[in-house]
Amino acid sequence: MGQLQTPVSTVWDLESIFPGGSSSEQLKTYIAQLEQDITALDTQLADASAPATVEETAAYDEVIGSLQSMVARLSESGAFVECLTAQNQHDKKAIQLESKLHGMNAKYENLTTRFQSILRLTDDQVWEKWLEREAVASIAFVLNEKRQEARERLAPELESLAADLAVDGYHGWSQHYDTIVAKVTIPFTEKDGQTKELSVGQAANKLDDPDRALREELFPKWERAWGEVADYAADTLNRLAGFRLKLYEKRGWEDVLKEPLAINRMSRATLDMMWEVIIKHKPLFVQYLERKAKLLGVEKLNWADVDAPIGEATGKVAYEDAAKEIVEQFHKFNPKMADFAAYAFNKRWIEAEDRPGKRPGGFCTSLQDSKQTRIFMTYGGTISNLSTLAHELGHAYHQHVMNDEEIFNQNYGMNVAETASTFAEMIVSDALMQNASSKEEKIALLADKIQRGVAFFMNIHARFLFETRFYEQRKSGMLDAEQLCNLMKEAQEEAFCGALDVYHPHFWASKLHFYITGYPFYNFPYTFGYMFSTGIYALAVKEGQGFADKYDALLQDTGKMSVEELASKHLNVDLTQPDFWEGAMALVVDDVKQFLELTAE
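A quick note: this is a predicted structure, and the numbers were derived from the prediction, not measured. (Residues numbered from 1 in each chain as written. Predicted model: local features only at pLDDT ≥ 70, side-chain atom pairs only at ≥ 80, totals over all residues. Heavy atoms only, no water.)

**A closer look at the overall build of the protein**
Consideration 1: Each helix and strand in the protein was counted, giving 25 helices and 7 strands.
Consideration 2: Taken against the 2.2 N^0.38 rule, which gives 25 Å for 601 residues, the C-alpha radius of gyration of the protein at 24 Å falls within 12% of a compact globule.
Consideration 3: Along the three orthogonal principal directions, the C-alpha set of the protein runs to about 75 × 55 × 50 Å.
Consideration 4: Considering the protein as a whole, with its 601 residues, one finds that 57% of them fall into the buried category.
Consideration 5: Considering only residue pairs separated by 6 or more positions, the protein has 77% of its internal contacts joining residues 24 or more positions apart.
Consideration 6: For the protein, the computed accessible surface area is about 24,800 Å², with 49% contributed by carbon and sulfur atoms. (Helix = DSSP H or I, 4+ residues; strand = E, 2+ residues; numbered from the N terminus. Rg over C-alpha atoms; globule rule 2.2 N^0.38 Å. Buried < 20%, exposed > 50% of the residue type's maximum accessible area, 1.4 Å probe, protein only. Contact = heavy atoms within 4.5 Å. Areas by Shrake-Rupley, 256 points an atom, 1.4 Å probe, with all protein chains shown as cover.)

**Examining the sheet that holds strand β5 (residues 363-367)**
Within a sheet, neighbouring strands are paired by backbone hydrogen bonds and run either parallel or antiparallel to one another.
Consideration 1: Spatially, the 3 strands line up as an open sheet ordered β4-β6-β5, and their pairing is mixed. Looking at the sheet topology across the chains shown, the edges are occupied by β4 (350-351) and β5.
Consideration 2: Bridge count between β4 and strand β6 (residues 372-376): 2 bridges; the pairing is parallel. The residue of β6 that forms the bridge with I350 is I375. (Pairing = 2+ DSSP bridges.)

**Observations concerning helix α20 (residues 481-495)**
Consideration 1: For α20, built from 15 residues, the straight-helix expectation of 21 Å at 1.5 Å per residue is met to within 8% by its first-to-last C-alpha distance of 21 Å.
Consideration 2: For α20, the set of buried residues is A481, L484, C485, L487, M488, A491, Q492 and A495. For α20, the angular spread of buried residues about the axis comes to 165°, placing them on one side.
Consideration 3: The elements touched by buried residues of α20 are α11 (230-251), α13 (268-295), α14 (303-306), α19 (439-474) and α21 (507-510).
Consideration 4: C497 occupies a position one or two residues after α20 and carries a positive phi of about 55°. (Expected span 1.5 Å × (residues − 1). Arc of directions from axis to C-beta.)

**Details of the pattern of salt bridges**
Consideration 1: Applying the stated criterion across every chain yields a total of 38 salt bridges.
Consideration 2: Between E217 and K221 there is a salt bridge, with the nearest N and O atoms lying 3.0 Å from each other. Here the residue E217 and the residue K221 both occupy positions in helix α10 (residues 212-228), the gap between them amounting to 4 residues, near one helical turn.
Consideration 3: Residues K324 and E320 are paired through a salt bridge, measuring 3.9 Å at the closest nitrogen-oxygen approach. Placement of the pair is K324 and E320 together in helix α15 (residues 319-333), with a separation of 4 residues, close to one helical turn.
Consideration 4: Given the relative accessible area of 24%, E320 is considered partly exposed.
Consideration 5: Because the salt bridges share partners, they merge into one network encompassing E149, R153, E159 and R251. (Salt bridge = Lys/Arg side-chain N within 4 Å of Asp/Glu carboxyl O.)

Given below as structure tokens:
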């Protein structure tokens, strides 16, 4: 794939996918053909029945092929439109296309429901023989999963009705949140005295600025801005949760974690064990936060201090230098990973320019039909931005090694998706720390590395506690903005063990993840990915480049087995027991202890 070409562009290339953006004629034709194919398959499946013999199962080979093709094309068009709305929150045509694609996804879900009903009604003996056929053996795990899912859901016609209603209900509320966010601006006074309105993406970057005075000025404005739209956000969150809970109720699902655990292919025992180990070690992270407060010259940290850098060693890093650093460090672990990263930069798969109108946050999205990815972020030159860039490239590499798998086998859970991204972050952050030229720089880089542990063990834990409690209370009725703020603050105080003096009550309004319909509980998978990748990283450090092929093999299996099976096969560990989690935690604990020693003076 070649070397990194310079200069490195901060603006991505979308024209090579569908020229013309939201007005693209090629995109219009592509979507029309996909819609036509969905309608044709819908007609074909209308009168289909479960195969009575193994021979009859062959008739479904073409159906399975069509369903996989549709997944790839829905991914292609959906990812492209997501890129359009992210780069310009005011692209009305893209927002309309997004709505149309939600409708098409609902139609595809109806097809899937019909197909799953066929699987559900297939005789067990015929089913076992069906999965042994060469045409489907490679996707047997996914087909079994779909069959089991059908057995736990409503009748096909009711699931289809729910999917249709979700377009303007469930998914519609999610899109409404995007409309709210697009209207939020935060006033900020520059050093020259000029005041300008920042988008939430621009303001979020400044909240990590090394200048505490700047953060202290901006954070109350950030909180106030979200407070001004809190009633709208509360309505949105309540409606999303209400739809979800009512559907769960009709399906007979009492546990709000049933769906997110199934999506992430993990057991409650694994989740509980992970949190148990984390909570056990939190006192040490409280010590870290207390030491950080002392270094910043304050009695206690406030919310905006938690992610702030320590020291001047974390000065601005030019985007091109960040790209070079990432490629260089990836190469030391796995040349294939470095080649891929260079290819992504060279082909302009990354949108990083700091400009108004962009949505906040960062993501990596897959275009499965063309076997490409695109990365979105706003690069402000901080070490944290560099880490985010490495993180998203980890996601992209994961998809890259999955490209030759069947489409059904590319649907891996968010928790293992976060494994690859966090692993990539670790490669870069460890290298930066080891190459530190002074004690001060090492402290600064070590702090940045530990911050990720604080984020996953405390911030994400607060989100998990909030969302768990919110859903339980929402069963009894709507919660207003004040109640949501109280619930959020209580969760933050518990998760951070009371280590802060100012919290972020409107965090529930400001965080997109609470409003994403495809992934309920968009929180604990991050922590799982961090801990899982830390354990894997320990093995990688021990084995060196020889581990790279094992790592790729693990990633390739992420779409066709549970996380417990994945860990057992590739790492020979049991995730429901504490040993693996304690081993992963040991690496993070060592970093904190080293930080405390270096800053003891």
